[in-house]
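Examination of the molecular architecture
The chain contents come next:
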Amino acid sequence: GASTFFDKGSTARSVMAGTALPGVEPQLADALLVYDGEAAKAVTAVYSSYARVGREHRLPLVLLTPTWKASIPRLRSLNETRNVNADAFALVDCIRKAQGDYAGHIKVGGLLGSAGDGYDPSQALSAEAALVYHSPQAHALEAAGVDFLVAQTLPSVEEAKGIASACASCTVPYVVSFMVSPSCYVLDGTPLDEAIAAVDAHVTRRPLYYMVNCTHPGHLLHFAETRAVPLSPRLAGICGNGSKLGPDELAHLPKLDSDVPEAFATDMEKLWRQHHLWAFGGCCGTDHRHIDAIARHCTK
């Protein structure tokens, strides 16, 4: 079967509709949900639903800390003095430990995200600025005890270089995931293969592997099927959007758009069987039904 799969990237989207957190910056809500009793219960329920899928299908599972936008500069700008990254890890680790004999099959990834809007490469940092910006969070997550680091929603090669350097300055393994368009170019216009090669060449300790996120698996499948050469062997997986819409369209939607889980998972299965990807997860517009469908299709 497929080697591993990821939880849905943004837990907050699953629980925010029923959770009021007045005065909280929306992009921090993922992390600060751990401090709200009812919200923390909802977060636990979401993560536990993914663990049930993993247990049922006997697959390794990666749970990502809800720290996508919990960078240290942003926390400081909001006068947030709690150790948000450590507390977010503690919650996810507690959920892992509650899974009994399946807990040993779960890894916790410390999640970092782009400094600006992941859909807008004009907001991306330079490599030098990104190293300074992201290093404190990378080290905070490592100190908390994560198994590895995951840098997602990166819309430019320059910021990817800097965040990779920040992760490489730690001792735990790390993964880099690009935000890509439906044509599977990084949003700054760089071809995916070139982006991967550029980051690999920039750092002293390379990422464990690469992923793409926030695009429908059908787009990556089409990209793989219509190119003259195989996908980069450094590309291991995708955290896919439930929607086939592009970033410009998704950024202005009043609500999440989503494909049906079976169609979504069928494309994931083809990426596994035909193109040798092995790390799969969900992003915007997905939930435990999509994760379950991926697991079923990739353990046939």
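Residues numbered from 1 in each chain as written. Predicted model: local features only at pLDDT ≥ 70, side-chain atom pairs only at ≥ 80, totals over all residues. Heavy atoms only, no water.

**Some words on the overall build of the protein chain**
When its secondary structure is counted, the protein chain shows 12 helices and 8 strands. Residues counted as buried form 60% of the 300 residues belonging to the protein chain. Considering only residue pairs separated by 6 or more positions, the protein chain has 78% of its internal contacts joining residues 24 or more positions apart. For the protein chain, the exposed area adds up to about 12,000 Å²; of that, 55% sits on carbon and sulfur atoms. (Helix = DSSP H or I, 4+ residues; strand = E, 2+ residues; numbered from the N terminus. Buried < 20%, exposed > 50% of the residue type's maximum accessible area, 1.4 Å probe, protein only. Contact = heavy atoms within 4.5 Å. Areas by Shrake-Rupley, 256 points an atom, 1.4 Å probe, with all protein chains shown as cover.)

**Quick look at the packing of aromatic side chains**
By the definition in use, this model includes 2 aromatic pairs. When the centroid spacing of 6.1 Å and the interplanar angle of 5 degrees are considered together, the rings of Phe178 and Tyr210 count as stacked. Highlighted residues: Phe178 in strand S5 (residues 174-179) and Tyr210 in strand S6 (residues 209-213), separated in sequence by 32 residues. Just as Phe178 is buried, Tyr210 falls in that class too. Centroid distance Tyr209 to Trp278: 4.9 Å. Interplanar angle 65 degrees. Geometry classified as edge-to-face. (Phe/Tyr/Trp six-rings, centres within 6.5 Å; stacked < 30°, edge-to-face > 60°.)

**Here we look at the pairing of strand S8 (residues 279-282)**
Residues of S8 alternate between two faces, with Ala279 and Gly281 on one and Phe280 and Gly282 on the opposite face, all of them buried. Bridge count for strand S7 (residues 235-240) against S8 is 4 bridges, and the pairing is parallel. Bridging across to S8, Cys239 finds its partner in Gly281. (Pairing = 2+ DSSP bridges.)

**Some thoughts on the confidence of the model for the protein chain**
A residue-level look at the protein chain finds 86% of positions with pLDDT of 70 or above and a mean pLDDT of 88. Across residues 10-23 the pLDDT falls below 50, and counting only partners more than four positions away or on other chains, this stretch makes 23 contacts in the model. (pLDDT = per-residue confidence, 0-100.)

**Remarks on the pairing of strand S4 (residues 148-154)**
Most of S4 is tucked away, with 7 of its 7 residues classed as buried. Pairing of strand S3 (residues 106-113) with S4, which is carried by 5 bridges, proceeds in the parallel orientation. Across the sheet, residue Leu112 finds its bridge partner in S4, namely Ala151. Summarising the sheet, S4 and S5 pair through 4 bridges and their orientation is parallel. Within the sheet, the bridge partner assigned to Val150 lies in S5 and is Val175.

**Details of the side chain of Ser177**
Residue position: Ser177 is located in strand S5. On the accessibility criterion, Ser177 (1% relative accessible area) is buried. Dropping the residues within four chain positions of it, Ser177 is found in contact with Ala151, Gln152, Thr153, Leu154, Met211, Val212 and Asn213.

**A short note on helix H3 (residues 37-57)**
Between its first and last C-alpha, H3 extends 31 Å over 21 residues, near the 30 Å set by a 1.5 Å rise per residue. When we look at burial in H3, the residues that qualify are Ala39, Ala40, Val43, Val46, Tyr47, Ser48, Ser49, Tyr50, Ala51, Val53, Gly54 and His57. The opening residue of H3 is Asp36, an N-cap whose side-chain oxygen sits 3.3 Å from the backbone nitrogen of Glu38. Directly after H3, the chain includes Arg58, whose backbone phi takes a positive value near 55 degrees. (Expected span 1.5 Å × (residues − 1). Polar contact = N/O pair within 3.5 Å; in protein donor to acceptor, adjacent residues only side chain to side chain.)

**A look at the side chain of Gln137**
Relative to the helices and strands, Gln137 resides in helix H6 (residues 127-144). A distance of 3.5 Å separates a polar atom in the side chain of Gln137 from the backbone oxygen of Leu111. Apart from residues lying up to four places away in sequence, Gln137 is in contact with Thr67, Ala70, Ser71, Ile72, Asn85, Leu111 and Leu112.

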